[in-house]
Each structure stands twice: as C-alpha cells, then as structure tokens.
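One-letter residues, chain by chain:
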Protein chains: 2
Amino acid sequence: MFTLDQARAFVAVAEERHFGRAAERLHMTQPPLSRQIQKLEKELGIALLLREPRGVSLTAAGDAFLAECHQLLAKAEQAPRRAQLVAAGQVGVVRLGYTAASSYGILGPLLARFHEHAPNVSIELHEMVTPDQLDALQSGALDLGIGRPPFPKDRISSRLLLTEELVVAMPAGHRLAGGTHPVTVSDLEEETIVLHSPTKARYFYDLTARIMPIRREQISYTTSQVLTMVGLVAAGHGIALVPRSIDRFAAGYDVVTRPIAGAPNDLVQLHAMWESASENPALHTLIPILDSSPTPPPLTSAVQA
Amino acid sequence: MFTLDQARAFVAVAEERHFGRAAERLHMTQPPLSRQIQKLEKELGIALLLREPRGVSLTAAGDAFLAECHQLLAKAEQAPRRAQLVAAGQVGVVRLGYTAASSYGILGPLLARFHEHAPNVSIELHEMVTPDQLDALQSGALDLGIGRPPFPKDRISSRLLLTEELVVAMPAGHRLAGGTHPVTVSDLEEETIVLHSPTKARYFYDLTARIMPIRREQISYTTSQVLTMVGLVAAGHGIALVPRSIDRFAAGYDVVTRPIAGAPNDLVQLHAMWESASENPALHTLIPILDSSPTPPPLTSAVQA
DNA sequence: GACCTTTACGCTTTGCGTAACCATG
DNA sequence: CATGGTTACGCAAAGCGTAAAGGTC
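Keep in mind that this is a model prediction, so the values were computed, not measured. (Residues numbered from 1 in each chain as written. Chains lettered and ligands numbered in written order. Predicted model: local features only at pLDDT ≥ 70, side-chain atom pairs only at ≥ 80, totals over all residues. Heavy atoms only, no water.)

Asks: I tried to follow the overall build of chain A on my own but got confused; where do I start?
Replies: When helices and strands are counted, chain A shows 11 helices and 12 strands. A compact globule built from 305 residues should have a C-alpha radius of gyration of about 19 Å, whereas chain A, at 33 Å, is more than 25% larger. Taking as baseline every contact in chain A between residues at least 6 positions apart, the subset at least 24 positions apart corresponds to 73%. With an accessible surface of roughly 14,400 Å², chain A has 51% of that area assigned to carbon and sulfur atoms. Distance from the positive charge centre (27 side chains) to the negative charge centre (31 side chains) of chain A: 6 Å. (Helix = DSSP H or I, 4+ residues; strand = E, 2+ residues; numbered from the N terminus. Rg over C-alpha atoms; globule rule 2.2 N^0.38 Å. Contact = heavy atoms within 4.5 Å. Areas by Shrake-Rupley, 256 points an atom, 1.4 Å probe, with all protein chains shown as cover. Lys, Arg positive; Asp, Glu negative; His and termini not counted. Charge placed at Lys NZ, Arg CZ, Asp CG, Glu CD.)

Asks: Would you mind showing me how to read the state of the cysteines here?
Replies: A covalent bond between the sulfur atoms of two cysteines is referred to as a disulfide. Evaluated as defined, the whole model comprises 0 disulfides over all chains. The thiol of A:Cys69 is not disulfide-bonded; the next cysteine sulfur, from B:Cys69, is found 18 Å away. Assessed through its relative accessible area of 1%, B:Cys69 is described here as buried. (Disulfide = S-S within 2.5 Å. Buried < 20%, exposed > 50% of the residue type's maximum accessible area, 1.4 Å probe, protein only.)

Asks: Explain the packing of aromatic side chains here, please?
Replies: Residue and element names in this part refer to chain A. Per the stated rule, a full pass over the model turns up 6 aromatic pairs over all chains. Ring geometry for Phe10 and Phe65: centres 5.6 Å apart, planes at 50 degrees, overall tilted. In this pair, Phe10 sits in helix 1 (residues 4-16) while Phe65 sits in helix 4 (residues 60-87), placing the two residues 55 residues apart along the sequence. With respect to class, Phe10 is no different from Phe65; both count as buried. A connected cluster of aromatic rings, assembled from ring pairs, spans Phe2, Phe10 and Phe65. (Phe/Tyr/Trp six-rings, centres within 6.5 Å; stacked < 30°, edge-to-face > 60°.)

Asks: I would appreciate a short explanation of the interface of chain B and chain A in the present structure.
Replies: Often the size quoted for an interface is simply the accessible area lost on bringing the parts together. Opposite the 28 residues of chain B that make contact, chain A presents 27 residues. When chain B packs against chain A, the two sides together hide about 2,600 Å² of surface, and 75% of this comes from carbon and sulfur. Of all residues in chain B, B:Met1, B:Glu68 and B:Lys75 bury the most surface against chain A, accounting for 21% of the area lost on that side. Linking chain B to chain A there are 4 salt bridges. Across the pair B:Lys75 and A:Glu68 runs a salt bridge whose closest N-O atoms are separated by 3.2 Å. Connecting chain B to chain A are 8 residue pairs in polar contact (both at pLDDT 80 or more). Within the residue set of the side of chain B that touches chain A, elements represented by two or more residues are helix 1 (4-16) and helix 4 (60-87) of chain B. Top element by residues in the side of chain B that touches chain A is helix 4 of chain B. It accounts for 18 residues. (Buried area = accessible area lost by both parts, 1.4 Å probe. Salt bridge = Lys/Arg side-chain N within 4 Å of Asp/Glu carboxyl O. Polar contact = N/O pair within 3.5 Å; in protein donor to acceptor, adjacent residues only side chain to side chain.)

Okay, structure coming up:
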C-alpha cells in the first residue's frame, strides 16, 4: 500500500509540474522524490505522470488520483483535530440522568447554560430515579446525574444545585387551605395522605417521615412520581408533602400548597452527581458550568391561598 | 504526522481491544505494535487507549479517532481503484466535437452505443465545424471529432462512420421536383443555388464544385449550416446540394430532394477522427466501439417526389 | 503465577543526500 | 550546453523481532 508521504509527494509534483520545485516545496532533494513517485506508480500499477522535456504533465489517471489525494490528505489532517477536540472535552457526548419531577424546574436553564458554554457537547437525556442513576453512573451507562441524596461519597462526586421547601399540597377547598398561619404537624396527623414510595422515592419518604409520624392506615396510595401525587391530591385521595417547585403544576390541578410550621426552607436538596473517576472529558467541561451561576429556582409565581 | 500504518495498527487494537490479538491480525509481534501506538498517541498529543489489566479500552478521543481512521483508510483504499479505472479507460471524460447538421443522424445512436459499452465514460459535446475540430484535437482541447475530410493523415487517425448520397433540395413546387428520372448536371446549371461556405464548409463546397461548374452569378447565398440552406431553399432563394440525411428535416420545410444523375451514392463521407498520439485512455475505450456496428443511417422515411 | 503491556537490544529495511549519468531541445 | 529527470552509492533513521521486565488480578 502507498503511504501518506507518497501522496504528499505526488500532490507536490502534480501541482508544481516539476520535480525540482516539488522537491524544494517538500524540503528534500529531487532524487528521493523521483524514487518515491516511481514506487507509487509501480504500487498502483499505472503511470501518473508524463515526463516531458520541460517538466511533467498528468495522465488522466494521475488527474483522478490527484483529486483523490487531496481528499485523502484533507481527511488525514482533520482526523487528529477532531480527536483532540474530543480529548479536550470541547466536543463530545454526556449522558445525563434526571429525576422526572425534581428536574422540571432546573433542567431547562441548566441545559441552556451547557449549550452556551460548550455548544459542541451534546447531551443525551435519560429520565430515571436517583438509585437507578447511581447504578448507571457506576456501570458507565451515565456520565452525570441530577438527583437527591444519599449517594456514596467515596466513588461519587456531587455538587448541590438547589434547595427548596417541603410544602403541603391539598385540594383548593380543603379545611387547611384557608388559614393565615402555617399548617402544623398535628394538623397533618389527622389527614389521609398520598405518600412517596419508600423504595423508588426513598428521599422524599424519609423527609416526610422526619417531619411527621406516619401511620399505615392514613396512607391512601404510594408512588414515586410527584406529579402523580398532585393528581391524586386533586382527586381527593388525601394531602401530600411535596417540594415547593411543584407549585407551577399544582395550579393546573386546582391544588393549593401551604408551608409547614417549623420546617426549614432548605429541606429538599437537588444535586448533580458523577463518578469521581469518570474518563469522559466532555463531563469535565460541564462540571465547572454547574457552578457558573447559582441558578435561583425560576418559580413563575407562588400559588398559595 | 502519523502514517496510514499507524492508523491501521490503531484500528486493529481498538477493534480487538487487545494488543496481542491485534498484532496477530497485523501479522507482527506485540512490541513494535505497542511502540507504534505510543508514537501515534505522542504525535497526536492525546491518549487513545486505556491500558487495563485484561486488555485495553478506548478513551472518548480514541473512539472519535477510530471513526476518523475508518473513513481515512476506506478513502486510502478506494483512491487507487478510481485511478486504475481511469487508467484502464473504464472511467473518464471524452470531449467530442461534431458538426451540426452532419451529425444529426449518427450522433444519437453513437452516444447510445458509447453509453452501453462504456457507461462510466462521460462525453462532453462540443459543436464545431471540421477545421475547428482539427485544431482542437491537436491542441488537446478535444479528444474525438466527428467531421468530414480532409485531415492530416500523419497526426490524425480516423474511421469512416458513414457514407451517403448528395442530393438536390428544391421547393415542393419546383420545375425539377416532379420528374421521374434523376436531375442532371445541366438542369442544375440553369438554377440559382444556395451554396456551402468555401471556408467553413470547404468539404461540401468542393463536392459541389466537383459535380457541377459554379458561376458566381448563380449563387444567392453561402453558409456553413446545411439546415440554414434548407430554410433558404424553402423560402425560394434557389436550390441546394445537400447530403441525403437532410431529408427528415426537409420534410418539415415542404422541401423536396432528388438524386443527381451519375453521382455516386457514397459521395458524402463522415469520419470519426482523433489525435493518433492521444493519451486519454477513455478515448481508446471508445474507438473500438465505433466499429461495433456499421450504423446504417437510421432514416425514418425517404421524402422524395 | 497467569495475563497483558512495555522496555531493552540487535539487526534489517527504508529513505535520505551527494554525485554521476542520461535524454531532449 | 542547458534543463530536467534518473541511476548509483553510502550513511543515518525507522521499524521489526527476540528477550527480559513491569504491573495487576
């Protein structure tokens, strides 16, 4: 097979139509250049050049091969560049996991910021609950997750993206919906509740359990999807403890949210998480961007009675 | 710059994910392969492979570079093939000159036969009179001409494509149009004639002069285009001596053609001509095709009164 | 210790440059 | 004899193979 150097040599001779000038352009002397071209022609089994008294001209085959060589050499030059951009994280793919409801508020602005700072890093979106994200991160199926604690500190690095309040969601006409001061824990104990799944939404389940004692008989349904809970609340199946950012969706259901007395307003956390040992350069391009703005949760308006 | 061999080496290792197996596939031993990959990585300034206990895996950059290498190697393989096809005359361009009217009959079938036997040889058509074709052939601006004698036998090779009769064209109602036996030369001497240009259509001018004496005062117009002559004849500007193949066009003008007494019926010749020393391989693919069928001039029907 | 990759060393091959040679106007 | 390409020859660099070494499970 011929070499790229031979292709370059041929291009030089073909363009200069003169071995001497071509050799000069290639920073070498004529004889080895002449030999390389002969070797190339022998290799291809065809004559590329017509040696004439005042220089050389191209055969039809030489003309065709010249065009091929131009393309080939262009490709050979760009190949490293692309690889280098990928290595630098300028170009690449990051597979991003996010929890359905939790990310509705922050995902859009985050993606916009990624796109602004790293336009050639494309993001693959994969909706999954936090535990599945952690599995996927460790198996290499995912590069970056947006989810909730806890996660193993040794292998997973994380960055806090957002904290928000846990509030009570109830139908618009509910007895607790009209008051002027916060709902208390004792108010909640008397209610039927729609609860987070203790397996698939462990984080919210534990948060709820920390705030109020849960009696099995007061649970109407459990689910991992916060939006489903809002629907059930609207349908009168009970109240639910949900993150404040659900307000925008609750409004559509004629559901009201109210704060809980004594609950800290940074109870619900959302983190970006990634495998500490990840080799994906594009991921390391995105990580600093997570910090580049504190991203206040862009709530459109508080819906509160 | 890296070499095609390095690209092939990298592809083998990347695909086998194992230096040993890759070396086997490349018919070499591991150590030099390992060195070539190191050299490639150093050259590119990036890590392509992750050396792991049970073999190797690709970095993101390595993955990108692998794709580039596949394309590059595919291009490197096809480049010689294209050039070889051109050299063999299987693929290429032939610039073909033809005389306007003379070729109307034969050009279509000829092109069809070229296309059938050499589908990848494309034909560039250039309409020009025979002397211009000869100039263009010798300057290399044309590869093949279709024209009429004479041409210099030393530098131009030729093949007779077609012979036909020279006939008299006259308006449908002309006094000579109705007879049952051929028009004689003495009939012609009394007529006003539309004549071929002695410079641009020398061949026909000479043929006409050979058949009949031409008096200056009987010439109404001269032109190089036979079709123009038919139009002038139709408009009553005289009679004209034209090749038989003009019949199909004459019909549209309500012009009648009649044979000339004593004139041989192979008087008008049409030749293919090319520079004997032409280096265009595609031309040499076409030349045998000229012979592949005698191409009887496909006259649709004889229009004769 | 089994498996895989890398480093060390010696030899062959490739490829350059200088110099001499050949062909054509 | 000037111009431009090729052949001859010697040396330096690149690249291979064998052998030995380094690192993980």
